[in-house]
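Coordinate analysis (summary)
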Amino acid sequence: MLEVEDLAVEFRTRDGVVRAVDGVSYHVDAGETLAILGESGSGKSVGAQAVMGLIDSPPGYVTRGSIRYRGRELLELDEGGMQRIRGRHVAMVFQDALSSLNPVFTVGDQIAEMYRVHEGASRAEARRRAVEMMDRVHIPAAERRYGDYPHQFSGGMRQRIMIAMALSLGPDVLIADEPTTALDVTVQAQIMDLLAELQRDTTMALVLITHDLGVVADVADRIAVMYAGRVVEQGAVSALYERPAHPYTLGLIESIPRMDDERDELVPIPGAPPSLMRIPPGCSFHPRCPMAQDVCAEDDPPLYAVQPGRESACHFWEEVLTSHG
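The present account deals with the structure reproduced in this document. What you see is a predicted model, and the numbers here were worked out from it, not measured in a lab.

**Let's talk about the overall build of the protein**
Helix and strand counts for the protein come out as twelve helices and twelve strands. Rg of the C-alpha trace for the protein: 21 Å, near the compact-globule value of 20 Å for 325 residues, within the 12% margin. Taken along the three principal axes of its C-alpha coordinates, the protein extends 65 × 50 × 40 Å. Burial statistics for the protein: of 325 residues in total, 50% are counted as buried. Residue pairs at least 24 apart in sequence account for 64% of intrachain contacts in the protein once pairs closer than 6 positions are excluded. In the form shown here, the protein has an accessible surface area of approximately 15,500 Å², with 50% of it arising from carbon and sulfur atoms. The averaged location of the 48 negative side-chain charges in the protein is 8 Å from the averaged location of its 30 positive side-chain charges.

Here is the structure:
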């Protein structure tokens, strides 16, 4: 449904070039959920914005790669062509619902606008369909709340409004960028259940961008783990969680608190992610890696084939598998 190959995005600033995305490849099929996982600043959201054609240029530039929707190259389209793809075929739920919604328009009008602009619906028809969509994402008293403004909704309800807008035209691919950020655990579960319910009703492909490994474990089919603008490991969710093949993935998993773990302290990954203007030579993770050797500081590892459909960008992926086996 959606295929990204060797995508690179950089931002040219006065202080230098920020290589936000550097050679990222992944795909997602109809009805499948792909989770893109990583710390803040790893390039997850920038990659998604590139897919949607939302990179402001300047200062941002897609310098190489391919983005294909149903085999159609999106990077070759002009803005008019992307507008016909965006929303109707590939849609996105943005990270901060409050800042993404227009505060001076009612939420109902913002959903109805999708039908009026893209489908030429009348005002009455657009309102009817907007109320139906609000009801579909479980907004209580949808008809009455059509005329309310974003600030009159809770964080969880605003997120539902964003999902309603994204799904209003029935896209084939939905990119959800941190859809549960800043929500409490109960509301997080409700939002993820809603996305799963809506996905079951269609063959929609879902790309879930997150740093929450707990959310990923429950909903994803496959995972792409990103670090410093690159995919360092990808594969089926069960395989990555049971036996990670990259030290970064292993570090993320071991930093999660577990009910069956008797340790008194969590085991964090030491250090911090590198500046994307000054990415270390060799493997970008080697300054933080407990398994690093001399070759890691010199040679940038490719994505090694670990198993069918499973890859790891680590020279010593076999040792990582053994250490968690």
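**Comments concerning the sheet that holds strand E2 (residues 16–28)**
Spatially, E2-E1-E4-E5 is the arrangement adopted by the four strands of the open sheet, whose pairing is antiparallel. Each having just a single partner strand, E2 and strand E5 (72–73) make up the two edges of the open sheet. As paired elements, strand E1 (residues 2–13) and E2 share ten bridges and run antiparallel to each other. From the neighbouring strand, Glu 3 faces E2, where its bridge partner is His 27. Strand contacts of helix H1 (residues 44–51): E1, E2 and strand E4 (60–69), with the helix running at about 110° to E1, the strand carrying the most contacts.

**A closer look at the packing of helix H4 (residues 107–119) against helix H7 (residues 155–167)**
At a minimum axis separation of 8 Å, H4 and H7 run at an interaxial angle of 15°. In terms of orientation, H4 and H7 fall into the roughly parallel class. Note that H4 runs across H7; the crossing there is right-handed. For the pair H4 and H7, contact is made by Val 107, Gln 110, Ile 111 and Met 114 and by Ile 161, Ala 164 and Met 165, respectively. Class assignment for the residues of the contact of H4 with H7 results in six nonpolar, one polar and no charged.

Quick notes on the rules
- Residues numbered from 1 in each chain as written.
- Predicted model: local features only at pLDDT ≥ 70, side-chain atom pairs only at ≥ 80, totals over all residues.
- Heavy atoms only, no water.
- Helix = DSSP H or I, 4+ residues; strand = E, 2+ residues; numbered from the N terminus.
- Rg over C-alpha atoms; globule rule 2.2 N^0.38 Å.
- Buried < 20%, exposed > 50% of the residue type's maximum accessible area, 1.4 Å probe, protein only.
- Contact = heavy atoms within 4.5 Å.
- Areas by Shrake-Rupley, 256 points an atom, 1.4 Å probe, with all protein chains shown as cover.
- Lys, Arg positive; Asp, Glu negative; His and termini not counted.
- Charge placed at Lys NZ, Arg CZ, Asp CG, Glu CD.
- Pairing = 2+ DSSP bridges.
- Axes fitted to C-alpha atoms, helices over the stretch in contact; angles between N-to-C directions.
- Parallel < 35°, antiparallel > 145°, perpendicular 65-115°, else oblique.
- Left-handed = near helix turned anticlockwise from the far one by under 90°.
- Nonpolar A, V, L, I, M, F, W, Y, C, P; charged D, E, K, R; others polar.

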